[in-house]
Amino acid sequence: MSNQAFEAVIGLEVHAELLTATKIFCSCSTAFGAEPNTQCCPICMGYPGAMPRLNRRAVELAIRAGLALGCEIAEVSQTDRKQYFYPDLPKAYQISQDESPLCKNGFLTVSTKEGTRRVAISRIHIEEDAGKLIHRGAHTFVDCNRCGVPLIEIVSAPDLRSPEEASAYLRKLRSILLTCGISDCRMQEGSLRCDVNISLRPFGSETFGVRTEIKNLNSFAFVEKAIAYEIARQTEALLQGNVPIPETRRFDAAAGKTYPMRAKETSVDYRFLPEPDLPPIWVSEEDIERLRTTLPELPDARALRLAQAYGLTVYDASVLVSEPQLADFFEAGAGKTDYPKLLVNLLLSELLRHCASDPFSSPVSASRLAELSQLMGEGTVNSATAKKLLLRLLDGDLDPRLTVKREGLAQVRDREQLLTLAERAMEEQPRAVTDYRNGKSAALRALQGKVMALSGGRADPILLESIFLELLSPHSDETR
Amino acid sequence: MRPMIERTVREHRRALDAGEYSSLELTRAFLTRIEEVDPMVGAFLTVDTEGALRAARESDARIASGASRGILEGIPYAIKDNFCTKGIRTSCASRMLENFVPPYDATVVEKLRDAGAVLLGKLNLDEFAMGSSGEHSAFGVTRNPYDSRYVAGGSSGGAAAAVAANEAVFAIGSDTGGSVRQPAAFCGIVGLKPTYGRISRYGMIALASSLDCVGLLTRSAEDAALLLELLEGEDGRDATGRTFQEMGKPMSDSRLRVAVIPALAKGDAVSLEITAAVERAIAVLQRHGAEIGEIELPDPEQALATYCVLSAAEAASNMARFDGVRYGKRSEDFDGLISVYANTRGEFLGEEVKRRILFGTYMLSKRNRARYYDSALEMRETIRERLKETFAQYDMILSPTAPTEAFLVGAEESPAQRRRADLCAVYASLAGLPAISVPFGTSRAGLPLAVQLTAAPFAETKLLRVARVLEKDASD
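Residues numbered from 1 in each chain as written. Chains lettered and ligands numbered in written order. Predicted model: local features only at pLDDT ≥ 70, side-chain atom pairs only at ≥ 80, totals over all residues. Heavy atoms only, no water.

1. So, the overall build of chain B
The line we're drawing: Per the convention used, a helix needs a DSSP run of H or I reaching at least four residues, while a strand needs a run of E reaching at least two, with both numbered from the N terminus. Radius of gyration here uses only the C-alpha atoms, and the compact-globule reference equals 2.2 Å multiplied by the residue count raised to the power 0.38. Summary of the burial criterion: residues with accessible area below 20% of their type's maximum are buried, those above 50% are exposed, and those between are partly exposed, where the area comes from a 1.4 Å probe applied to protein chains only. Here a residue-residue contact requires only that any non-hydrogen atoms of the pair lie within 4.5 Å. Per-residue accessibility takes into account occlusion by the displayed protein chains alone, with areas from the Shrake-Rupley method and a 1.4 Å probe. Note that His is not counted, nor are the chain ends; the positive residues are Lys and Arg, and the negative ones are Asp and Glu. Where a charge lies is defined by one atom per residue type: Lys uses NZ, Arg uses CZ, Asp uses CG and Glu uses CD.
A count of helical and extended segments in chain B gives 16 helices and eleven strands. The C-alpha atoms of chain B give a radius of gyration of 21 Å, which matches the 23 Å a tight globule of 476 residues would have. Taking the principal axes of its C-alpha atoms as reference, chain B extends roughly 65 × 55 × 45 Å. A total of 476 residues make up chain B; the buried ones form 65% of that total. Of all intrachain contacts in chain B linking residues separated by at least 6 positions in sequence, the fraction that spans at least 24 positions is 76%. Accessible surface, chain B as shown: approximately 16,900 Å² in total, 50% of it carbon and sulfur. Charged side chains of chain B number 57 positive and 64 negative; the gap between the two group centres comes to 2 Å.

2. What about the environment of Glu275 of chain A?
All names here are of chain A. Put simply, the rule reads: Two N or O atoms form a polar contact when they lie within 3.5 Å of each other; inside protein one atom must be a possible hydrogen donor and the other a possible acceptor, and for residues adjacent in sequence the pair counts only when both atoms belong to side chains.
If you trace the backbone, Glu275 turns up in the loop between β15 (273–274) and β16 (281–282). Not counting the four nearest positions on each side in its chain, Glu275 is found in contact with Thr79, Asp80, Arg81, Tyr93 and Ile95. Within the structure, Glu275 has its side chain in polar contact with the side chain of Arg81 (distance 3.0 Å).

3. Some points on the packing of helix α5 (residues 299–310) of chain A against helix α7 (residues 324–334) of chain A
All names here are of chain A. To keep it simple, the criterion reads: For helices, the fitted line uses only the C-alpha atoms of the stretch in contact; every axis is such a line through C-alpha atoms, and the angle between N-to-C directions lies from 0 to 180 degrees. If an angle is under 35 degrees, it is roughly parallel; if it is over 145, roughly antiparallel; if it lies from 65 to 115, roughly perpendicular; otherwise it is oblique. Note: crossing handedness is left-handed where the near helix turns anticlockwise from the far helix by less than a right angle, and right-handed where it turns clockwise.
Relative orientation of the contacting elements α5 and α7 amounts to 25°, with a least axis distance of 12 Å. Viewed along their axes, α5 and α7 adopt a mutual orientation that is roughly parallel. Considering the relative orientation of α5 and α7, their crossing is left-handed. From α5, Arg302, Arg305, Leu306 and Tyr310 reach across to α7, where they touch Pro324, Ala327, Asp328, Phe330, Glu331 and Ala334.

4. With respect to the sheet that holds strand β4 (residues 80–83) of chain A
Backbone hydrogen bonds are what pair the strands of a sheet, in a parallel or an antiparallel way. Note the following rule: At least two bridges found by DSSP between two strands is the condition for calling them paired.
Taken together, the three strands give an open sheet; going across it, the order is β5-β4-β15 (chain A), and neighbouring strands pair in antiparallel fashion. Only two strands of the sheet have a single partner each, and these edge strands are β5 (93–96) and β15 of chain A.

5. Notes on the confidence of the model for chain B
Selection criterion: Confidence scores per residue from the predictor, reported as pLDDT, run from 0 to 100.
Here chain B averages 94 in pLDDT, and 97% of its residues register 70 or above. Across the predicted assembly, pTM comes out at 0.90 and ipTM at 0.95.

6. Quick notes on the domain arrangement of chain A
All names here are of chain A. Applicable threshold: For the domains described, the bounds stem from an automatic or database domain assignment. Defined here as a combined quantity, buried area equals the accessible surface (1.4 Å probe) lost by two parts on assembly, summed across both. The salt bridge definition used is simple: a Lys or Arg side-chain nitrogen within 4 Å of an Asp or Glu carboxyl oxygen.
Taken as a whole, chain A is organised into domain 1 (2–289), domain 2 (299–407) and domain 3 (415–479). If you look at the interface, domain 1 gives seven residues, while domain 2 gives six residues. Carbon and sulfur atoms make up 57% of the area that domain 1 and domain 2 hide from each other, which totals about 520 Å². Considering only the side of domain 1, the residues that lose the most area to domain 2 are Lys172, Ser175 and Thr179, jointly responsible for 58% of the buried surface there. Across the contact surface, domain 1 and domain 2 share two salt bridges.

7. Thoughts on the nonpolar core
One broad trend across soluble globular proteins is that nonpolar side chains are buried collectively. To keep things clear, this is the line we draw: Here the nonpolar core consists of buried residues drawn from Ala, Val, Leu, Ile, Met, Phe, Trp, Tyr and Cys, with membership extended through side-chain atoms lying within 4.5 Å.
Counting residues in each nonpolar core, the largest one holds 228 residues, and the members touching the most others are Ile152 and Tyr169 of chain A together with Phe128 of chain B. Top contributing element to this core by residue count: helix α10 (residues 300–319) of chain B, with ten residues. If sequence neighbours within four positions are ignored, Phe128 of chain B has contacts with Cys92, Ser94, Met96, Leu97, Ile205, Leu207, Met319, Phe322, Leu349 and Val353 of chain B. Grouped together as the second largest cluster of nonpolar side chains are 34 residues, Cys355, Ala370, Leu390 and Val404 of chain A included.

As structure tokens, then:
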């Protein structure tokens, strides 16, 4: 009820670490997870006299992101110092871009149940990441390994209207960044982070309400929950006649609530200063064209192609491309089976269920999964057997077709054989027969299960069902 | 021939190669000289006796085996204490960095070592290069070798005094708004600020990054020329580095065209003796066939204000890293993060440094930025444009280096008055132009006088050639 009173106006700021081997202003490694302070140098630790050198690869990846998101790329942009004191920021300023970002005016098409909308992207700029603070007892330690890891900040226009839409935007953005090799988007490692700006206004209003900012959300689920909570909180305040105060809030995942961090009135004055240690960033038309030609097929185009080429549903195709590795896996197997839809099912509902954490470290190769789908599709095995074979593949490689032959796992499709088993089942479970005839159609499942057990799980389920329907039909007693 | 410690690089080269004396003997002579005079001069903050003697021995061995590294092989020098020297304390004359030993060498230090030069030690300066008198060091005043009642100038006061007092053959300094040229003028030596970016700043602790230049303090224009040749060029570590490119008007075969700035040549902006020195320099250049013209530049007071705003804004930013977290001093007295910052900076930074941090922070704050910082940037563009036009017509500008000769220690009255010392130097700084201060006579009080030449970007060769003409005339 209350949600209908106001329209939510949501904008997202996404920070993504770029997939460069070295940092943005020095040659230290960007690899995640090293011992603290083993991947830093005078430059990224802000030693006196040390000077930054811009990593051109970071600029190229940022431009790639800009092109994938339909942005204009600035021929010349500049870096600026964003100044504030914090122990994880060695120079006491972050080298970022203020008024002249590398990319601007892009968009992203976002689909939810409500439909498909185009969300404007205001800007993408490059900047350096800060370090990490490690708290131990009464002491706080600084780890500078992450200082100077290149980031892009992707800022959307306040075009999003619901938690679902925000989440869909993020998922889409993630799949683009992954597909283009821009970021590994590992939220648990902090290589993708999200800030949310949100305000409410009466439906139909063109002006913006007072917004709050929720900082540093590191999962899509948290983004959705935080937005939903914030909509409810602001709605309640507005209904009670209170205006929310402009402030920065943090999301407590355990409580599912947001809490104030600091009010905007006391917000930091970053005193932006054009970075005098770095010349302007020039990007030529040729650079842009060269980068444009190296862009891979983007998720939307790929989903369309997969759906058309393999007869997949739009939903399945979009799930595949949301994780480019999934789509790659599918495409690697799709040529080796006549039943790509079965391959998608095996991949999305079976393989992913067994190794949700990292499907691609599983020992099951795309061709093995394709073989399974082929065996299923051509009717050699039923789905129960296929699932069992998949479990065995997860334990170690084997040739599915050979195994089926050697162990006699092929589906029982012999009508006479199934008929015999079905009659036996009916004899052993007269109660089920009676129930079914009295209108409890669910009783059929017990009979089918019995035959499956008798056949070692190999009965062709479709054939079996038709046999039962025939046997249990009101006239069957007479006919036989 | 002059005494050993008074000679130029060129003269030492000949003597060392001819075996008249060894680098070890020369180095020892300087170390002795430092011991004798430096307690009075206050030029050195650190003397690396062992390192210098070791480097000298190695040099002698190379010379003996015919493996000399060239013009600077075995020649002792010293460097301002805002250049990082691996393993040797680099303090910026601040208590903040009293215990700071850099883990790396500045590019110029590396280049000089590779060229065989012998590093004697680190030189005094106004704290973090903020000041124009050499009095704002946390570790003592540098005094003028001509008369110890007077200042050496600043901020490269130690560098200028060390060369003038024969404590080193040459010195490396930094020039942001005259910090090499003005003390060179006060101490009667040559001070060259090259084109912005021509010598790598890597490892030079920044004051105002868009203005900072590595500067050379030498006994002669010739020495400055050969040092520049050795030190210039991009090193891949200073992104603002610029490779040599001939710009401006090519030197005409017939006549040198020299511009003077009336606002700095007469009136009460500049002392009478300095004005007279400039007049004499005009006469000398005319005698050598130069054509003199007058130019209008934006008011020097405005240029100075522009410089003050921009340099303070950048300085405040550059100084922010001295927070007591990673290196340098940390206050013992703290309770929570903010007090670590506040107490550390409060205790270990000097007054002038704090003043500029406050000033720069104020200029860049949201409510003041457009009014101060942005208009200063605009004025800087205007000055650059105007100077560019000037160098389409003229080969160089002749002006005073500083509005006065050296003043008495303790004579500075106010921070504003203090900044007036940069009045003549800031045009070149704001526009990134090469400029040189050439000693030109002596005042009635017996203090050195000097004039300044400023040229188009990368026109150092031309600048140094004319400097030699003035130098020769002044010594005649």
